[in-house]
Amino acid sequence: MKRLELLAPARDYESAVAAVDAGADAIYIGGARFGARHAAANTADDIRRAAEYAHLYGVRVHAALNTLLYDDELADAGRQARELIAVGVDALIVQDMALRRMALPVELHASTQTAIRTPAEAVFLARAGFARVILERALSLDEIRAICRATTAEVECFVHGAICVGYSGQCYLSRSMSARSGNRGECSQPCRLSYDLEDAAGRRILRGKHLLSVRDLNLSDRLGELIDAGVTSFKIEGRLKDTCYIRNVVAYYRQRLDEAIAARSDCRRASVGESRPDFAPDPSKSFTRGESEYFLAGRSAGVASFDTPKSVGEFVGRVAACDARGFTLDRDAALGAGDGLCIGADGTNVNSVEGRRVVPNRMPAAIRRGAAVYRNLDSRFRLQVERSRMRRAIPATACVTVTPERATVRYTDCEGLSAEASREGRFEPAGDPAKMADLLRTQAARSGDTPFEVRRVEVAGAERFVPLSLIGVLRREALEALRRVRAARVPERRILPEELHAPCPAAVLSAEANVTNRLAERFYRDHGVVRIERGLDLEASTAGRRVMRSAYCIRREIGECLRDGSRIQGDLFLVRGTKRYRLAFDCAHCEMSLTDER
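Residues numbered from 1 in each chain as written. Predicted model: local features only at pLDDT ≥ 70, side-chain atom pairs only at ≥ 80, totals over all residues. Heavy atoms only, no water.

How should the overall build of the protein chain be read in this particular structure?
Counting its regular elements, the protein chain contains 13 helices and 30 strands. Whereas a compact globule of 598 residues would reach a radius of gyration of roughly 25 Å, the protein chain reaches 28 Å, a difference of no more than 12%. Once the C-alpha set of the protein chain is aligned to its principal axes, its extents read approximately 100 × 70 × 40 Å. Nonlocal contacts in the protein chain, meaning residues at least 24 apart in sequence, comprise 70% of its contacts between residues at least 6 apart. (Helix = DSSP H or I, 4+ residues; strand = E, 2+ residues; numbered from the N terminus. Rg over C-alpha atoms; globule rule 2.2 N^0.38 Å. Contact = heavy atoms within 4.5 Å.)

It is not clear to me how the side chain of Arg-60 should be interpreted in this structure. Could you clarify?
Structurally, Arg-60 can be placed in strand 3 (residues 60-65). Judged by its relative accessible area of 9%, Arg-60 falls in the buried class. Sequence-distant contacts of Arg-60, that is, excluding residues within four places in its chain, are made with Glu-5, Asp-25, Ala-26, Ile-27, Asp-90, Ala-91, Glu-107, His-109, Pro-491, Glu-492 and Arg-493. (Buried < 20%, exposed > 50% of the residue type's maximum accessible area, 1.4 Å probe, protein only.)

Quick question: what am I supposed to make of the pattern of salt bridges here?
This structure, assessed with the given rule, holds 63 salt bridges. In this structure, the salt-bridge partner of Glu-198 is Arg-204, at a minimum N-O distance of 3.9 Å. Judged by relative accessible area, which is 8%, Glu-198 ranks as buried. Looking at Arg-204, the relative accessible area reads 40%, which means it is partly exposed. Here Arg-256 ties to Asp-221 by a salt bridge, and the two come within 2.9 Å at their closest N and O atoms. In this pair, Arg-256 sits in helix 8 (residues 243-262) while Asp-221 sits in the loop between strand 10 (216-218) and helix 7 (223-229), placing the two residues 35 residues apart along the sequence. Taken together, the shared-partner salt bridges connect Glu-5, Arg-132, Glu-154, Glu-156 and Lys-235 into one network. (Salt bridge = Lys/Arg side-chain N within 4 Å of Asp/Glu carboxyl O.)

What's the story with the nonpolar core in this structure? I'm lost.
In globular proteins that are soluble, nonpolar side chains generally tend to be buried together. Formed by 161 residues in total, the largest nonpolar core has its most connected members in Leu-92, Leu-212 and Tyr-552. With sequence-adjacent residues up to four places away left out, Tyr-552 is seen in contact with Val-165, Leu-211, Leu-212, Val-214, Tyr-294, Phe-295, Val-303, Ala-304, Phe-306, Glu-557 and Met-592. Core analysis: the second largest hydrophobic core is formed by 13 residues, Val-316, Val-319, Phe-327 and Leu-329 among them. (Core = buried A, V, L, I, M, F, W, Y, C linked by side-chain atoms within 4.5 Å.)

Before we go on, may I ask you to explain the pairing of strand 23 (residues 418-424) in this structure?
A regular strand carries its side chains on alternate faces of the sheet. Pairing of strand 22 (residues 406-413) with strand 23 involves seven bridges; the strand directions are antiparallel. Looking at strand 23, one finds that Arg-406 is bridged to Glu-424. If you look at the hairpin formed by strand 22 and strand 23, you'll find four residues sitting between the two strands, and Gly-416 has a positive phi there, around 90 degrees. (Pairing = 2+ DSSP bridges.)

Help me out: how do you make sense of the packing of helix 1 (residues 13-22) against helix 2 (residues 44-56) in this one?
For any two helices packed against each other, one specifies the inter-axial angle together with the distance between the axes. Across the interface, helix 1 lies against helix 2 with an axial gap of 9 Å and an inter-helix angle of 15 degrees. When the interaxial angle is binned, helix 1 and helix 2 end up roughly parallel. Crossing geometry of helix 1 relative to helix 2 is assigned as right-handed. For the pair helix 1 and helix 2, contact is made by Tyr-13, Ala-16, Val-17, Val-20 and Asp-21 and by Asp-46, Arg-49, Ala-50, Tyr-53 and Ala-54, respectively. Here the residues of the contact of helix 1 with helix 2 are counted per class, giving seven nonpolar, no polar and three charged. (Axes fitted to C-alpha atoms, helices over the stretch in contact; angles between N-to-C directions. Parallel < 35°, antiparallel > 145°, perpendicular 65-115°, else oblique. Left-handed = near helix turned anticlockwise from the far one by under 90°. Nonpolar A, V, L, I, M, F, W, Y, C, P; charged D, E, K, R; others polar.)

What am I meant to see in the packing of aromatic side chains here?
Any aromatic ring pair is given by two values, namely how distant the centres are and how the planes are angled relative to each other. For the structure shown, the criterion picks out seven aromatic pairs. Feature note: the residues Phe-124, Phe-523 and Tyr-524 constitute an aromatic cluster, connected by ring pairs. Across the ring face of Tyr-70, the terminal group of Arg-184 is positioned such that the distance to the ring centre comes to 4.0 Å. (Phe/Tyr/Trp six-rings, centres within 6.5 Å; stacked < 30°, edge-to-face > 60°. Lys NZ or Arg CZ within 6 Å of the ring centre and 35° of its normal.)

I tried to follow the sheet that holds strand 19 (residues 357-360) on my own but got confused; where do I start?
Within a sheet, each strand pairs with its neighbour through backbone hydrogen bonds, oriented either parallel or antiparallel. With respect to topology, six strands assemble into a closed barrel ordered 15-16-19-18-17-20, the strand pairing being antiparallel. Adjacent strand axes in the sheet meet at a mean angle of 50 degrees, parallel and antiparallel pairs treated alike. For strand 15 (residues 314-322) and strand 20 (residues 372-377), the ladder comprises four bridges, and the chain directions are antiparallel. By the bridge assignment, Phe-315 is partnered in strand 20 with Tyr-374.

Please explain the pairing of strand 27 (residues 546-550) as it appears in this structure.
Burial runs high along strand 27: four of the five residues are buried. Of the pairings in the sheet, the one linking strand 27 to strand 30 (residues 591-596) comprises four bridges and is antiparallel in character. If you follow Arg-546 over to strand 30, its bridge partner there is Thr-595.

Mind showing me how you'd approach the sheet that holds strand 27 here?
Taken together, the six strands give an open sheet; going across it, the order is 9-8-28-29-30-27, and neighbouring strands pair in antiparallel fashion. Edge strands, defined here as strands with exactly one partner in the open sheet, are strand 9 (204-209) and strand 27. For this sheet, the mean inter-axis angle between neighbouring strands, taken without regard to orientation, is 20 degrees. The pairing of strand 8 (residues 195-199) with strand 28 (residues 572-576) spans four bridges and is classified as antiparallel. Each bridged residue has a counterpart across the sheet, and for Glu-198 the counterpart in strand 28 is Phe-573.

Looking at this structure, how should I read unusual backbone geometry?
Peptide bonds are trans in most cases, and residues, glycine excluded, mostly fall at negative phi. At Gln-189, a residue that is not glycine, the phi angle is positive and equals roughly 55 degrees. Here Gln-189 lies in the loop between helix 6 (173-177) and strand 8. The phi torsion at Tyr-294 lies on the positive side, around 50 degrees, for a residue other than glycine. With respect to the helices and strands, Tyr-294 occurs in the loop between strand 14 (291-292) and strand 15.

It is not clear to me how the packing of helix 10 (residues 433-445) against helix 11 (residues 468-488) should be interpreted in this structure. Could you clarify?
At a minimum axis distance of 9 Å, the contact between helix 10 and helix 11 shows a crossing angle of 30 degrees. You can see that helix 10 and helix 11 cross each other, and the crossing is right-handed. From helix 10, Met-436, Leu-439, Leu-440, Gln-443 and Ala-444 reach across to helix 11, where they touch Leu-468, Ile-471, Gly-472 and Arg-475. Looking at the contact of helix 10 with helix 11 residue by residue, the classes come out as six nonpolar, two polar and one charged.

For this particular structure, what's the right way to read the environment of Arg-387?
For Arg-387, the location among the structural elements is in the loop between helix 9 (379-386) and strand 21 (392-402). Put simply, Arg-387 and Asp-586 are 199 residues apart on the chain and 51 Å apart in space, counted from C-alpha to C-alpha.

Help me understand helix 8 in this model?
The α-helix winds at 3.6 residues per turn, so residues separated by three or four positions along the chain end up facing the same way. Here helix 8 is 20 residues long and its end C-alpha atoms lie 28 Å apart, about the 28 Å a rise of 1.5 Å per residue gives. Burial analysis of helix 8 places 15 of its 20 residues in the buried class, which makes it a mostly covered element. Where helix 8 begins, the capping side chain belongs to Asp-242, and its oxygen is found 3.3 Å from the backbone nitrogen of Cys-244. (Expected span 1.5 Å × (residues − 1). Polar contact = N/O pair within 3.5 Å; in protein donor to acceptor, adjacent residues only side chain to side chain.)

Explanation requested: helix 10 in the structure shown.
Taking 1.5 Å of rise per residue, the 13 residues of helix 10 would be expected to cover 18 Å, and the 18 Å separating its terminal C-alpha atoms lies within 8% of that figure. Turning to helix 10, its buried residues are Met-436, Ala-437, Leu-440, Gln-443 and Ala-444. Viewed along the axis of helix 10, the buried residues span an arc of 135 degrees, placing them on a single side of the element. Set apart from the buried face of helix 10 by more than 90 degrees, the exposed residues are Ala-434 and Lys-435. Here the buried face of helix 10 lies against strand 21, strand 22, strand 24 (452-460) and helix 11. (Arc of directions from axis to C-beta.)

Here's what the structure looks like:
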């Protein structure tokens, strides 16, 4: 059976618990340092608590240790890696090959920051000892299928959330504007800023548009195709998102992935426990810049979000009429006071609603007849999710056995793990065995705040009277013993050796290969690389260097693809203040790149 994993982000312990309760089969979380999201750092004790809770359900914990390392950081990075292993993480997600050379007793996953886009790269990393490869988000379904077919490593694929417009791990746009580097966990997200598009003569083609900001990913309708392609882990982006986002989006993908699994006889979930949300999950009601399948069906226009990089939300209608105080929608919409609205690049909140007429707390200039209105905060839905008492329950059965000298309560979970509690005593005949049996079933079926849900109770020996208080004590002891049995289990880990002579696909590594320390350099030289450029993050400046390469193309988005005969010829530039980036278009590979001009 193919084990399929829904992988959810966790900013902290609270969101880790929310992800598990919502149905995640695995979570990924950052340690104190060396994670690609510095704002989502956690202590070792927090991760220990998260792992203990997750492991009850067979949920794996992956720790993100996926920044580039400098020589003077190798010892600290090694210590943190071992600390994370000691507190129970099941895998480390890494970008820097120095961690491959530290003989760490843990499963290793090659981060999306390693920019895996070809079968050859995936095969190499698998032979180098990586149990899993995490793919670049810009790949098509055919490209994903080819990688899955070629490699022995598990394949993880992003299915929801924000998209890095540049190839992951090979973007230096943030570094070109400040000391903050995306490869060091401090991306300032300059791709979400506004730019002017100019030609070589300085003529402005577009002014003040978010030309590098792309819509968020939503592949919920394509999970079945990804399963059939060979993907086994389905990743939700969002280690900086709040618990409401986690509960809603994870619960939604749990339902969609379960539907896909149910349609395939050779697939099963990678963890146990049933989650029952007490709200109707809907990802359009959580943070979203608008939905996109990006390039899963091939490279095409329509993935950009030029007007705003902020959360757009769900479409609710268009403005049919407006005045100084409010506006009227062209359709019915269940808006309420406190809802957030997005109109173009501007936003406001709802003060009151009467029918289709909406009175906001202020009237943005963008509110005019025909304007599209989106709701980016559904206040009632958010309150419902915040108050949710969703729990995750592990199905179990109980058996109560009474003999003249002993009473025993035994629980067995859905994986066949068992635990029991018993007491010796003198148990006299019961006056009404049938009633006794009913009372024993009722008492043994209670699971309280444990992770278990008792589905069936068998009773043997109901002709003997047992005080229900004793059965209650045995029930609590046996369920706690079963909880400890589950907590002590360690999920399966694939700790693989490095094939020292596996050839690297490239004999020459450019600065974009991100070799920034001696261990990583030794790794690549051992695998046949003959020339290695100094990693760009080590340089004082990116002036004159390529700072982004992308499958996304501005020309394609504005209908000026060179292959289709563009009216706009010559060089193009992105300009913001004093920063100027030359655009280059590689039509043979359908790629765009940015070079830092100053």
